[in-house]
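Per-entry structural report
Chain residues, written in single-letter form:
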Amino acid sequence: MQAILGVLFHSLGGIAAGSFYMPYNKVKGWAWESYWMVGGLMSWLIVPPIAAGLTVPNFMEIIGNASSSILFFTFLMGLLWGVGGLSYGLGIRYLGMSLGNSVVLGFCAAFGALVPPIYYNLVPTDGKVTFTEMLASVGGQVVLLGVVVCILGIAVCGKAGMLKEKQLSEAEKKKSVAEFNLVKGLFVAILSGILSAFFNFGIESGKPLAEAAVASGHDALFANNVTFVLILWGGLTTNLFWTTLLSVKNRSYNDFKNKNTPLTKNILFASLAGFIWFLQFFFYGMGESKLGNGASSWILHMSTIILTANLWGIYRKEWKGVARKTKVTIIAGIVVILLSVVLVGIGNSI
């Protein structure tokens, strides 16, 4: 039953993460940095302490009593993850929901599955599997095979993107993805996929905070909300810094007083996108409490996002007009990525 609940919570988180960008498509007349800033303030600054306060009322006391090293490394992982989150938005902007999410999250899944065991090699912890132990066990080897297969799936998705680039005119590509750019998109998507995995590292670094929440009598289901406050504030720091620079450089801060745009609707849609993005962390924390923060949790979460995002990509007709070979290629890439999820799951069960 606990495993079923874990799968359910991770799936809900994945659906939220795969859907969050959709409200941004409803924002009219704003620069990317303007709506990304509003959404980021909602998902990383405003909602995390509210969620923590509702589920772990003494979360600030727990944070205040934690060692400086735990706070520093958890925040640092959030800072690095923030770069991944920033480039994630750019990846979707340049590649679209389908291809962008497949490439970004495929890399994120692979690196995120490897980060915890590598961490435990550096910081040995009772009951935790190290990367060396993974290499020495059949189950660990199957997990690593799953990671390799995942990267193969990403390569196939990238091939589909290159085929799309060749087959469609600029006008056709921009019908579904207004700023389609394969080279820029793949670069930031790969960067995002690698750095986004640091969110998983942040959960591991901040595990003592979650444990302290449970020790003080709170439900383990919501204990990770304490850790998320620090991780997400780290992400906010990176994103707010960059979007502010862009806002000043491009003078796009004028978006917030431009009466020729639907200001109220833009703020509401951008805020909704930010709120939906936070839900992925909220449900991931609940799923992690049931399944642990191993490769299975991370890959399950990522695969659900990939599936959801590709369904949205079909809805937005991002592959309309391409040759049958291209459609078969992107479907094959997604199937290979999902196969990697199965392999990781089998490896963890051995």
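Residues numbered from 1 in each chain as written. Predicted model: local features only at pLDDT ≥ 70, side-chain atom pairs only at ≥ 80, totals over all residues. Heavy atoms only, no water.

Summing up its helical and strand segments, the protein has 15 helices and zero strands in all. Counting the 350 residues in the protein, one finds 55% classified as buried. Contacts in the protein between residues at least 24 apart in sequence constitute 83% of all its contacts with a sequence separation of at least 6. Accessible surface computed for the protein: about 15100 Å², of which carbon and sulfur atoms make up 70%. (Helix = DSSP H or I, 4+ residues; strand = E, 2+ residues; numbered from the N terminus. Buried < 20%, exposed > 50% of the residue type's maximum accessible area, 1.4 Å probe, protein only. Contact = heavy atoms within 4.5 Å. Areas by Shrake-Rupley, 256 points an atom, 1.4 Å probe, with all protein chains shown as cover.)

Turning to its location among the elements, Thr 130 is positioned in the loop between helix H5 (97-122) and helix H6 (131-136). What makes Thr 130 buried here is its relative accessible area of 13%. Those residues in contact with Thr 130 that sit more than four places away from it in its chain are Pro 117, Tyr 120 and Asn 121.

What follows is about the environment of Lys 184. Note that Lys 184 resides in helix H9 (residues 182-196). Using a relative accessible area of 45% as the deciding quantity, one classes Lys 184 as partly exposed. Separated by 91 residues in sequence, Lys 184 and Arg 93 have C-alpha atoms that sit 10.0 Å apart.

A few words on the nonpolar core. By size, the foremost hydrophobic cluster in this structure holds 57 residues, and its most contacted members are Trp 36 and Phe 281. Ranked by residues supplied to this core, first place goes to helix H13 (residues 263-291) with ten residues. The contact partners of Trp 36, leaving out residues within four places of it in the chain, are Phe 20, Tyr 21, Tyr 24, Trp 44, Gly 85, Leu 86, Gly 89, Asn 239, Thr 243 and Trp 277. Counting 14 residues, the second-largest nonpolar core is a separate cluster that includes Ile 62, Leu 209, Ala 213 and Ala 223. (Core = buried A, V, L, I, M, F, W, Y, C linked by side-chain atoms within 4.5 Å.)

Turning to a nonpolar patch on the surface, a few remarks are in order. Taken together, Leu 45, Ile 46, Ile 50 and Leu 54 make up a surface patch of nonpolar side chains, about 390 Å² in accessible area. With respect to the secondary-structure elements, Ile 46 resides in helix H2 (residues 32-55). Judged by relative accessible area, which is 39%, Ile 46 ranks as partly exposed. (Patch = residues over 30% accessible without salt bridge, like charges linked within 9 Å, V, L, I, M, F, W, Y side chains within 5 Å. Salt bridge = Lys/Arg side-chain N within 4 Å of Asp/Glu carboxyl O.)

As a further point, take helix H12 (residues 224-249). For H12, which comprises 26 residues, the first-to-last C-alpha distance of 37 Å matches the rise-based estimate of 38 Å (1.5 Å per residue) to within 8%. Phi turns positive one or two residues past the end of H12, at Arg 251, with a value near 55°. (Expected span 1.5 Å × (residues − 1).)

Here Ile 15 lies in helix H1 (residues 2-19). Among the residues examined, Ile 15 registers a relative accessible area of 41% and is labelled partly exposed. In the structure, Ile 15 is positioned 286 residues away from His 301 in sequence and 8.9 Å away in space, judged by C-alpha atoms. Excluding anything up to four places from it in sequence, Ile 15 contacts Thr 304 and Thr 308.

This next bit is on H9. When the terminal C-alpha atoms of H9 are compared, their 20 Å separation across 15 residues agrees well with the 21 Å that a helix rising 1.5 Å per residue should span. Residues of H9 that are buried include every one of Leu 182, Gly 185, Val 188, Ala 189, Ser 192, Gly 193, Leu 195 and Ser 196, and no others.

Glancing now at empty space enclosed by the protein. All chains considered together, the criterion is met by two cavities of 30 Å³ or more. Here the second largest cavity is characterised by a volume of approximately 30 Å³. Surrounding the second largest cavity, Trp 36, Met 37, Gly 40, Leu 41, Trp 44, Leu 236, Asn 239, Leu 240 and Thr 243 form its lining. Mapped by element, the contributors of at least two residues to the lining of the second largest cavity are H2 and H12. With five residues, the single largest contributor to the lining of the second largest cavity is H2. Its residues assigned to classes, the lining of the second largest cavity comprises six nonpolar, three polar and no charged. (1 Å grid on protein atoms, 1.4 Å probe; cavity = no way out; pocket = protein on both sides within 12 Å on 5 of 7 lines; lining within 4 Å. Points joined across faces, edges and corners; volume = space filled by probe spheres on them. Nonpolar A, V, L, I, M, F, W, Y, C, P; charged D, E, K, R; others polar.)

Let's shift gears to the environment of Leu 86. Considering the arrangement of structural elements, one finds Leu 86 in helix H4 (residues 68-95). According to the relative accessible area criterion, Leu 86 is buried, its value standing at 9%. In this structure the C-alpha to C-alpha distance between Leu 86 and Leu 195, which are 109 residues apart in sequence, comes to 9.9 Å.

Our focus in this paragraph is the side chain of Thr 238. Structurally, Thr 238 can be placed in helix H12. On the basis of relative accessible area, Thr 238 is assigned to the buried category, the value being 14%. Setting aside its immediate chain neighbours within four residues, Thr 238 contacts Leu 79, Gly 82 and Val 83.

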